[in-house]
Amino acid sequence: MLDVRRSAVPAGDSARFIRLPAGAFLYACGGRGQIRIDGVVHTIDRSYVCHAGKGASLDIVRVTETVDYFLIYYKAVMMPPYRRKLLDLYRDYNPFQAAYGFVPASPLELYARMEQMYLQWEREDPLEKFHVRALFHQLVYELLRQLQRAENAQTLRTDLIDRAVRYIERHYAEPLDLRELAEVLQCGVRQLQRQFKAYCRMSPMEYVTRVRMEQAKGMLQRTDASIKEVAEAVGYVDAYHFSRSFKKHFGLSPLQFRRKRRSDAFSLSSSSIGASRDLSYSYVDDENHYHYTDRGAAKMHSRTKSLAAVNFMLIIMLLLGACSAGGSGSPASGNGASATPSSVATPVPTPAQTQQSSYPVTISHVKGELTLEQKPENIAVLDVQYVDQLVALNEQPAGSVKAAGAAADFPEYLSGKLTDVKVLGTYEEPNLEAVLAMSPDLIICTEVHEKIYENLSKIAPTVMLMRNEDWRDTLVTFGKIVGKEQEAEQVLEAYKEKTAKLAAELAAKLDGQSVGLIRPRDNEIRVHTPKHRTGAILYDDLGLIAPKPTTEIDDTAYHISLEALADVGADHFFLLTDDMFAEMVKEVQETATWKSLEPVKQNRVYTVDTTMWIGYYGPMAINLVVDQVAEALLGAS
C-alpha cells in the first residue's frame, strides 16, 4: 500500500492525474461525470469503479454533479517461491497494467471497505497501516467478485503499435531491423511501417534510435562508463557510428554532452528519494514508460468484458495466492490468541530481528525499482567486485562468477572469508544453468549483462547495477539489500578517516611531486586519468597530484607509445601488470627508453597487480590499494 486518498470534484470542475505514480483503484461513490483512462471514456452515474496501471493518465472531467471519490495507490510485488506457469502468465498479461472499469452491483459494500481503509490510513500509525494492507486484500476480492458478475465491464487491449513499442523498449540493446521486428509481431513490414508512422509520426527504426539515444543520455549523465561501453550497451557495434547518431540527435557529441551535464546529473543523483508523500512518476520503469514519449506511441482501443477480464481475474488471484503461500510460515500468521501479558518485559531484539525491521525496502537500479519484503538469503552475484561488497558487510553470496582467466575461483584476499560459494561461470559469460541450479532468491548483475537480463529475471528477482558506479554508492545499495545500512555507513566513515589522514601525510612527503598510473599492453602504454575509477582513488581520495597531460583528457585512459611516456611528466609511476601481460612488461623494462625515464632512474616506479587495482572494485580491495600506495610512497614505516 502506498497511499489512500479521498477527495471530491465539484460540478463544472475537473481533476487530472497526468501520470499515475503507481497502480490505482478509483471508486466514485457519488456524482455524475466522466473518467478518462488514457483517453478512453468511462461514465460516472452515482457509482463507478475503475483500475489503471502505473504511468496511465486518469482524468475526472465533464462533472455535472459533484463527484466524491476514493483513490488507492498500490504496488504489486512478486513474492517467492514462484511457479513457472504463473511467471509465464504474468509475462504475457500483466494485470497490474490493465485498465478497466464497471458499475458495481453492490456499491455500499465497496464504500464501507474503502471508508474503513481511508480512516485507518489517516491515523499514521504503523500498525494501522499494516491493517490497511490486510483490508486491501479483502477489497480486491470484493472488486473481483463484482467484476466477475458485471455485465458492463469495460477493459482495454493493446494493439499492434503497443506491442511493437514494448518490444523495442525491451530489446533496444540488441541488433534490430524492420523485418525482424515484423516477424516477431507477426505482421507485414509495410503494415507495421504504415501503422507505426500513423500513430507515432515516425518510423519503427527512428523510434529504435530515439530509445537508444535516451538510454545513452542517461548512462552518460549518471555513470563513468567509456563512450565505447555506452555505445555497446545501447546496441551499437562501434563507438564512431554511435557518436555520429548521438550528435545528430542532440546536437552535441557524447563527450561534449557529458561535460555539459555532469554537474546536473550529480545533483539529481544525490537528491533525497522517497522522503515526500508526493508520488512522482518514474521514467525508469521498463514496464510502461514508453507510453509517454512526446509523440505517444501507444493508442488503446476499448471493448466489452472478454478474455482480458478473465485473464485479469485468473492472474491476480494466482498472485495473491502466491503471496499468501509465501507468508504462511511467518510468526505473524497466528490468530492473536496468545497475546503477551503487559507485565512481561519486552525482549531485546536479536540482530536478525533488527535487520528484518528494515524491510520492506525498495532498491533503485538500472531497470527501475525492486521491493524486497525480507532479507534475501540466497544471493547470486555476476561480478566479483560484489563479493567484496558483501564480505565488507560480513555477508557472502551463495554463488558468484569468477574473473575470466583467473587461476583461482576468487581473489586471494577474499578466499579465507568465503565458504561454499558456487562458481557461476565468468563475468563475461555467466553460466545460466548454474545460476538456475542454485535457486537464488536475488540476482545482482551489471549493465554488461543486458542481453541476458530477461533470462535472469525469469530465474529470480534481478537487480542491475552500473559496473563503474562509485563503490560507495554500491556499498550503500548492498547495505539496503542485506539490511545493514548502518554497517555500510561505518565502512565508509572508516575509509574517509583513513584516506584523510594518509592524504595529509602524502602531501607533506611528496611536496608537489606528481604520480602517474600506467599499464603496458598491446604494444602501447595505457595512461589512466583522474576520471578512471582507480585514478579517483589516487587523485580524489588520497589527494595525489596527477600529471598535467592526464588532466586534459576527457576519458578514463589514453594510449601512447613507449617513446612518448616521458612526455607524461610524472615524478612517480604505479606500473600495472598481470600474468597476461607480464612478458610484455618485462620487455618494456629492458628497453633503453624505459631505463632513461627519470622515475626509473630515481627508483620511483612501483609495480602493482592490475587485477587488484582495476578489477576488484570493492571496499576491501580499495583499502588494500590505499595501503599499497602508502607503503610505496611513504615507505614501509
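Let me sum up the structure you'll find in this document. Small disclaimer: the values here were computed from a predicted structure and weren't measured.

What about the packing of aromatic side chains?
- Under the counting rule described, the total for this entry stands at 16 aromatic pairs.
- Look at Phe-246 and Phe-250: their rings are 4.7 Å apart centre to centre, the planes differ by 45°, and that puts the pair in the tilted class. Linking Phe-246 with Phe-250, this pair stays in helix α9 (residues 239-250), spanning 4 residues, or about one helical turn.
- Using a relative accessible area of 26% as the deciding quantity, one classes Phe-250 as partly exposed.
- Measuring from ring centre to ring centre gives 5.2 Å for Phe-574 and Tyr-606, while their planes differ by 45°; the resulting arrangement is tilted. Highlighted residues: Phe-574 in strand β20 (residues 572-577) and Tyr-606 in strand β21 (residues 605-609), separated in sequence by 32 residues.

Details of the sheet that holds strand β14 (residues 422-426)
- Strands sit in the order β14-β13-β12-β15-β16 across an open sheet of 5 strands; the sheet is parallel. Either end of the sheet is taken by a strand with one partner, and the two such strands are β14 and β16 (462-465). Pairs of neighbouring strands in the sheet enclose a mean axial angle of 20°, with direction left out of account.
- Here strand β12 (residues 379-381) pairs with strand β13 (residues 399-402) via 2 bridges, running parallel. The partner of Ala-380 across the bridge, within β13, is Gly-399.
- Contacting β12, β13, β15 (442-446) and β16, helix α13 (residues 384-392) runs over the sheet at an angle of about 135° to β13.

Comments concerning the side chain of Thr-371
- Assignment of secondary structure puts Thr-371 in strand β11 (residues 368-372).
- Looking at Thr-371, the relative accessible area reads 13%, which means it is buried.
- A polar side-chain atom of Thr-371 sits 3.3 Å from a polar atom in the side chain of Lys-75.
- Once residues lying within four places of it in the same chain are set aside, the contact partners of Thr-371 are Lys-75, Val-77, Pro-360, Val-361 and Thr-362.

With respect to the nonpolar core
- Formed by 59 residues in total, the largest nonpolar core has its most connected members in Ile-444, Leu-544, Phe-574, Trp-613, Val-629 and Leu-633.
- Tallying contributions element by element places helix α25 (residues 619-634) first for this core, with 8 residues.
- Residues Ala-182, Ala-225, Val-234 and Phe-257 belong to the second largest nonpolar core, which totals 35 residues.

Brief notes about the pairing of strand β10 (residues 361-365)
- On β10, burial follows the alternation: Val-361, Ile-363 and His-365 on one face are buried, whereas Thr-362 and Ser-364 on the facing-out side are not.
- Bridge count between β10 and β11: 5 bridges; the pairing is antiparallel. Each residue of the ladder has a partner; that of Thr-362, found in β11, is Thr-371.

Let's talk about the sheet that holds β21
- Taking strand neighbours across the sheet as the criterion, the 5 strands line up as β19-β18-β17-β20-β21 in an open arrangement whose pairing is mixed. Each edge of the sheet is formed by a strand with only one pairing partner; in this case those strands are β19 (557-560) and β21. On average, each strand axis in the sheet is inclined to that of its neighbour by 30°, with strand direction left out of account.
- Pairing geometry for strand β17 (residues 515-521) and strand β18 (residues 524-528), over 5 bridges, is antiparallel. Among the inter-strand pairings, Leu-517 is bridged to a residue of β18, identified as His-528.

Definitions and cut-offs
- Residues numbered from 1 in each chain as written.
- Predicted model: local features only at pLDDT ≥ 70, side-chain atom pairs only at ≥ 80, totals over all residues.
- Heavy atoms only, no water.
- Phe/Tyr/Trp six-rings, centres within 6.5 Å; stacked < 30°, edge-to-face > 60°.
- Helix = DSSP H or I, 4+ residues; strand = E, 2+ residues; numbered from the N terminus.
- Buried < 20%, exposed > 50% of the residue type's maximum accessible area, 1.4 Å probe, protein only.
- Pairing = 2+ DSSP bridges.
- Axes fitted to C-alpha atoms, helices over the stretch in contact; angles between N-to-C directions.
- Contact = heavy atoms within 4.5 Å.
- Polar contact = N/O pair within 3.5 Å; in protein donor to acceptor, adjacent residues only side chain to side chain.
- Core = buried A, V, L, I, M, F, W, Y, C linked by side-chain atoms within 4.5 Å.

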